[in-house]
Amino acid sequence: MTTLRLILGDQLNPLHSWFAQTDNNVVYTLMEIRQETDYVLHHAQKIIGIFAAMRDFARHLAALGHRVHYLKIDDTDNRQSLPANLDALIKRYQAQRFEYQLPDEWRLAQQLQDYCHNLPIPGQASDSEHFYTQREDARELFGGQAHWLMEKFYRRMRVKHSVLLDTNQRPLGGRWNFDHDNRKAWPGVPAVPYDNRPRHDHAELWQDIVAAGVNSFGAADADDFRWPLNRQQVLQQLDAFIADVLPHFGDFQDAMSRRSWRLFHSLLSFALNSKMLNPREVVERAEAAYRHGQAPLAACEGFIRQIIGWREYVRGVYWAKMPTYVLQNHFGHDRPLPSWFWTGETQMNCLAASIGQSLQYAYAHHIQRLMVIGNFALLAGLAPEAVHRWYLGVYIDAFEWVELPNTLGMSQFADGGLLATKPYVSSAAYIDRMSDYCKGCRYDKKARSGDRACPFNALYWHFFSRHRDKLQRNPRVSMVYRNLDRFAPAERDAIVRRAEAVLADLDRL
Ligand code: SF4
């Protein structure tokens, strides 16, 4: 009796119990399909990265003795959709059973559930054996509450999994959260460690992708593509991060600089989200680094919070709120994305740098995503679903379960404050404090009105002014309204004129 087992492109988990032993009655299939390349316009490196890692994983399984059927994007018998390919493979192998790992994306979960419902043979889903939590954990914790505070979820995770606790189950260092210690700008020292990630020759794969007619954007150059593609490369990158980068991660996790696109970020998100790396391994290594005196507590706590806090929490939000979450639009924003989201060609240095590196490396770190690109998108009233689709396409680590709540909820406040306690927006002052972007920018970081005034400044006040009815009762922004109401009428008029001029011509900024 043959069983067909499906492995999705973000299920490259070599530690999964499926692979503990070989079984000649099991055929594993991985498939490069247009269904997955085309549901949103993707960065070239995202398509290359996932396909290259899938090919590597298939070779790894075959080398272990597993039976593997791999469908390349340009194979003539590739029907380019999951159901059509599965039908053909079930027939070819005369499979009498179909199994898959629970997808993390609602769209795929529905598709496979429907597929199994209509299948004449038994179909069964099993856990992906990757996450700490179950899909429904956040819903059970927060229920009908209006605000789902991540910090509450995070502290429970720390206790439940005994992470960074003393013998009395209290947080090490006496605090749960060291965020206030982790907000330094980067003055250029310490030096950013040498990037020793391997370069990959993906010319042949890229030719296959282009020949198959897949549309993409962003740089596909081999020099820029250095993402880990298998377990060995992932573990080397984890070692390098723990030894050389983590000690400085905390201090500079919110910093931004034109001199370094990655600063002290781990670049492990692609490996984690494609499941080549298990979050427990990462958390254990980071905690051990603190306990062995290799990295300060603030750095380790801040990093671990991203993994067992934010990452697991947003997954819970996603599964609790889909499928309608994607339609949320609290402010009714509807402007299309300016053209420079696809080119990086804007005179605003901060956006040119943040979008430019996103297009070049398929990566920007969380403050660039939240406080530069997302900040501008929210201030300018860009349509949240369009912003979501851009983030989902551009970042190599963007899978909908993690990207959507971060973009729509955290960044665009489109859910009305389920995740974020206030809209994450700022004027130029914050960007100037945390980066070197404002030096040499065409725009004046201090001015609020006039042709050379930084667009963030006028848009900031315009945003709070136009959404007063929705925001002024929020205690976290009451100070903003007090300041807004202190402006003289002439100044307020000048700010509105500048903001409206900016909004009328976003493409030319
Ligand atoms: Fe960005 Fe304004 Fe600073 Fe220019 S002045 S880099 S537009 S924040």
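Residues numbered from 1 in each chain as written. Predicted model: local features only at pLDDT ≥ 70, side-chain atom pairs only at ≥ 80, totals over all residues. Heavy atoms only, no water.

### Thoughts on the site of the ligand
Lining the immediate surroundings of the ligand are Met348, Asn349, Cys350, Ala428, Ile431, Tyr437, Cys438, Cys441, Tyr443, Lys445, Cys454 and Phe456. Taken atom by atom, the bulk of the ligand overlaps the second largest cavity. Elements with a minimum of two residues in the shell around the ligand: helix 12 (349–361) and helix 16 (428–434). (Near = heavy atom within 4 Å. 1 Å grid on protein atoms, 1.4 Å probe; cavity = no way out; pocket = protein on both sides within 12 Å on 5 of 7 lines; lining within 4 Å. Sits in = over half its atoms within 2 Å of the grid points. Helix = DSSP H or I, 4+ residues; strand = E, 2+ residues; numbered from the N terminus.)

### Re the layout of surface pockets
Reported here for the second largest pocket is a volume of approximately 300 Å³. Around the second largest pocket, the lining comprises 15 residues; the ones closest to its centre are Ala52, Arg55, Arg59, Asp201 and Leu205. Of the residues forming the lining of the second largest pocket, the biggest block, 5 residues, is contributed by helix 2 (residues 44–63). By residue class, the composition of the lining of the second largest pocket is 5 nonpolar, 3 polar and 7 charged. Taken together, domain 1 (3–126) and domain 2 (137–321) each give at least three residues to the lining of the second largest pocket, which thus spans both. (Points joined across faces, edges and corners; volume = space filled by probe spheres on them. Nonpolar A, V, L, I, M, F, W, Y, C, P; charged D, E, K, R; others polar. Domains from an automatic or database assignment.)

### Quick look at empty space enclosed by the protein
The tally for this structure, following the rule as stated, stands at 4 cavities of 30 Å³ or more. Considered as a void within the structure, the largest cavity measures approximately 320 Å³ in volume. If you trace the largest cavity, you find 22 residues lining it, with Gly9, Asp10, Glu36, Ile50 and Phe399 closest to the centre. Looking at the lining of the largest cavity, the elements that each hand over two or more residues are helix 1 (34–38), helix 2 and helix 4 (106–117). Of the residues forming the lining of the largest cavity, the biggest block, 5 residues, is contributed by helix 2. The residue inventory of the lining of the largest cavity, partitioned by class, reads 13 nonpolar, 3 polar and 6 charged. By volume, the second largest cavity amounts to about 110 Å³. Lining the second largest cavity are 14 residues, with Cys350, Cys438, Cys441, Cys454 and Phe456 positioned closest to its centre. Sorting the residues of the lining of the second largest cavity by element identifies helix 12, helix 16 and helix 17 (455–466) as the ones contributing at least two each. Among the residues forming the lining of the second largest cavity, the class breakdown is 11 nonpolar, 1 polar and 2 charged.

### A short note on the pattern of salt bridges
Here the structure, examined in full by the defined rule, presents 26 salt bridges. Among the salt bridges present, the one from Lys275 reaches Asp10, with a minimum N-O distance of 4.0 Å. Of the two residues, Lys275 sits in the loop between helix 9 (269–273) and helix 10 (279–291) while Asp10 sits in the loop between strand 1 (3–6) and strand 2 (26–31), which places them 265 residues apart along the sequence. Taking the shortest distance from any N to any O, the salt bridge between Glu301 and Arg305 comes out at 2.8 Å. Placement of both Glu301 and Arg305 in helix 11 (residues 297–321) is noted, with a separation of 4 residues, approximately one turn of the helix. Each member of the pair, Glu301 as well as Arg305, is classed as buried. Three or more residues are tied together by salt bridges with common partners; here these are Asp10, Asp104, Lys275 and Arg315. (Salt bridge = Lys/Arg side-chain N within 4 Å of Asp/Glu carboxyl O. Buried < 20%, exposed > 50% of the residue type's maximum accessible area, 1.4 Å probe, protein only.)

### Comments concerning the sheet that holds strand 2
In spatial order, the strands read 4-2-1-5-6; together these 5 strands make up an open sheet with parallel pairing. Both outer strands of the open sheet, strand 4 (67–71) and strand 6 (123–126), are each paired with one neighbouring strand and no more. On average, each strand axis in the sheet is tilted by 25° relative to the strand beside it, whichever way the strands run. By the bridge criterion, 4 bridges tie strand 1 to strand 2 in an arrangement that is parallel. (Pairing = 2+ DSSP bridges. Axes fitted to C-alpha atoms, helices over the stretch in contact; angles between N-to-C directions.)

### Observations regarding unusual backbone geometry
Residue Pro190 is bonded to the preceding Val189 through a cis peptide linkage, with omega at -5°. The topology assignment puts Pro190 in the loop between helix 6 (150–160) and helix 7 (203–211). With an omega of 10°, the peptide bond running from Met322 to Pro323 counts as cis. Inspection of the secondary structure puts Pro323 in the loop between helix 11 and helix 12. Residue Leu267 is not a glycine yet carries a positive backbone phi of 60°. For Leu267, the position within the fold is in the loop between helix 8 (231–249) and helix 9.

### Concerning the domain arrangement of the chain
Assigned domains within the chain: domain 1 (3–126), domain 2 (137–321) and domain 3 (339–508). Listed by partner, the interface residues are 12 residues for domain 1 and 16 residues for domain 3. Roughly 1,200 Å² is buried in total at the junction of domain 1 and domain 3, and carbon and sulfur atoms are behind 59% of that figure. Considering only the side of domain 1, the residues that lose the most area to domain 3 are Val40, His43 and Lys46, jointly responsible for 42% of the buried surface there. Our count for the contact surface shared by domain 1 and domain 3 stands at 0 salt bridges. Taken together, the links from domain 1 to domain 3 amount to 7 residue pairs in polar contact (both at pLDDT 80 or more). For the side of domain 1 that touches domain 3, the secondary-structure elements that each account for two or more residues are strand 3 (42–43) and helix 2. For the side of domain 1 that touches domain 3, the element with the highest residue contribution is helix 2, accounting for 4 residues. (Contact = heavy atoms within 4.5 Å. Buried area = accessible area lost by both parts, 1.4 Å probe. Polar contact = N/O pair within 3.5 Å; in protein donor to acceptor, adjacent residues only side chain to side chain.)

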